[in-house]
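Structure at a glance
If you want the building blocks of each chain, they are given just below.
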Amino acid sequence: MADVSAFSALPDDARLWIRAAASPLDATTQSALLDRLSTFMDGWASHQQPVEGAAAILHGRFLVVAATPVGGGDLSGCGIDDLVHTIDDAASALEIGWVPSLHVLYRAPDGTVTAAARRTFQQRAEDGVVTADTPVFDPSLTTLGALRDGAFERPARESWHAQLLGTPATT
């Protein structure tokens, strides 16, 4: 499992957002992005209640943000919009591009994180480049507990990605 120690103070039901960078982020860019998000989170509020949040970069490509309102409840749409705008502003300032949402993220045979359109991923499966054992990433996770439980990276056969290989998922 990826290092999620940045989230140790947050509960499993904390909301989760994952954005995949179009290319690997160097250490300087990672630090600058996390600094900008930390500044935002220091004053983040939802329904006039403080929000406890944390951010991390996983595998040099994935911005992961988890948050929960202090005292419970749900994050407001405005609170979520504030986060999204902060991420977008930081990405723009740091010249970070994001992978389109309908792309598949997986580990290439050399271990690098790769993004491909679904049809390209299917073609690579037909060519034998990706298989049911290929590790895939699921940036659609919505809770920190799912990340902690290892649902973010797993073999394609254990994920919704199996359908792109022409086989049902096995769990």
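Structure report, in brief. Predicted model, so just to flag it, every value in this text is computed and none were measured.

Cut-off values and rules
Residues numbered from 1 in each chain as written. Predicted model: local features only at pLDDT ≥ 70, side-chain atom pairs only at ≥ 80, totals over all residues. Heavy atoms only, no water. 1 Å grid on protein atoms, 1.4 Å probe; cavity = no way out; pocket = protein on both sides within 12 Å on 5 of 7 lines; lining within 4 Å. Points joined across faces, edges and corners; volume = space filled by probe spheres on them. Helix = DSSP H or I, 4+ residues; strand = E, 2+ residues; numbered from the N terminus. Pairing = 2+ DSSP bridges. Phe/Tyr/Trp six-rings, centres within 6.5 Å; stacked < 30°, edge-to-face > 60°. Buried < 20%, exposed > 50% of the residue type's maximum accessible area, 1.4 Å probe, protein only. Axes fitted to C-alpha atoms, helices over the stretch in contact; angles between N-to-C directions. Contact = heavy atoms within 4.5 Å. Expected span 1.5 Å × (residues − 1). Arc of directions from axis to C-beta. Polar contact = N/O pair within 3.5 Å; in protein donor to acceptor, adjacent residues only side chain to side chain. Parallel < 35°, antiparallel > 145°, perpendicular 65-115°, else oblique. Left-handed = near helix turned anticlockwise from the far one by under 90°.

Okay, the layout of surface pockets next. Within this model, the largest pocket holds a volume of roughly 310 Å³. Ile18, Pro100, Ser101, Pro139 and Ser140 are, among the 17 residues lining the largest pocket, the residues nearest its centre. Contributing elements (two or more residues each) for the lining of the largest pocket: strand S1 (15–20) and strand S5 (103–107).

On to the pairing of strand S3 (residues 49–58). With 2 bridges joining them, strand S2 (residues 45–46) and S3 adopt antiparallel strand pairing. Along S3, the bridge assignment pairs Ala45 with Pro50. Once S2 ends, the chain turns through 2 residues before running back antiparallel as S3, passing His47 with a positive phi of about 55 degrees. Alignment of S3 against strand S4 (residues 62–69), held across 8 bridges, turns out to be antiparallel. Across the sheet, the residue bridging to Val51 is Pro69, located in S4. Where S3 hands over to S4, the hairpin turn is made up of 3 residues, of which His59 adopts a positive phi near 55 degrees.

Turning our eyes to something else, we now look at the packing of aromatic side chains. When we look at a pair of aromatic rings, we describe it by the centre distance and by the angle of the planes. Summed over all chains, the structure comprises 6 aromatic pairs. Ring plane angle 50 degrees and centroid distance 6.3 Å describe the contact between Trp17 and Trp44, whose orientation is recorded as tilted. Taken as a pair, Trp17 in strand S1 and Trp44 in the loop between helix H1 (27–42) and S2 lie far apart in primary sequence, 27 residues in all. Taken individually, Trp17 and Trp44 each receive the classification buried, so the pair is uniform in this respect. Measuring from centroid to centroid gives 5.2 Å for Tyr106 and Phe121, while their planes differ by 65 degrees, and the two rings are edge-to-face. A residue pair is termed long-range when its members are at least 10 positions apart, and Tyr106 in strand S5 and Phe121 in helix H3 (residues 118–126) qualify at 15 residues. We note that Tyr106, like Phe121, is buried.

Attention now moves to the sheet that holds strand S8 (residues 153–155). Strand order across the open sheet formed by 4 strands is S6-S5-S7-S8, with antiparallel pairing between neighbours. Looking along the sheet, the strands with just one partner apiece sit at the ends: strand S6 (113–117) and S8. With direction set aside, neighbouring strand axes in the sheet form an average angle of 35 degrees. One ladder, built from 3 bridges, connects strand S7 (residues 135–137) with S8; its direction is antiparallel. In the strand pairing of S8, Phe137 is matched with Glu153. Set on the sheet, H3 makes contact with S5, S6 and S7; between it and S6 the angle comes to about 110 degrees.

The end-to-end C-alpha distance of H1 is 22 Å, a good match for the 22 Å that 16 residues give at a rise of 1.5 Å each. Residues Thr29, Leu33, Leu37, Phe40 and Met41 constitute the buried set of H1. In an axial view of H1, the angular spread of the buried residues amounts to 105 degrees, which keeps them on one side of the axis. Exposed residues lying more than 90 degrees from the buried face of H1 are Ala27, Thr28, Thr39 and Asp42. Structurally, H1 contributes buried residues whose contacts are with S3, S4 and helix H2 (77–94). Measuring from the backbone nitrogen of Thr28 back to the side-chain oxygen at the start of H1 gives 3.1 Å, which picks out Asp26 as the cap.

Contact geometry for H1 and H2: axes closest at 10 Å, N-to-C directions at 150 degrees. One finds that H1 runs roughly antiparallel with respect to H2. Along this stretch, H1 crosses H2, giving a crossing that reads as right-handed. Residues Thr29, Ala32, Leu33, Arg36, Leu37 and Phe40 of H1 touch H2, and the partners they reach there are Asp82, Leu83, Thr86, Ile87, Ala90, Ala93 and Leu94.

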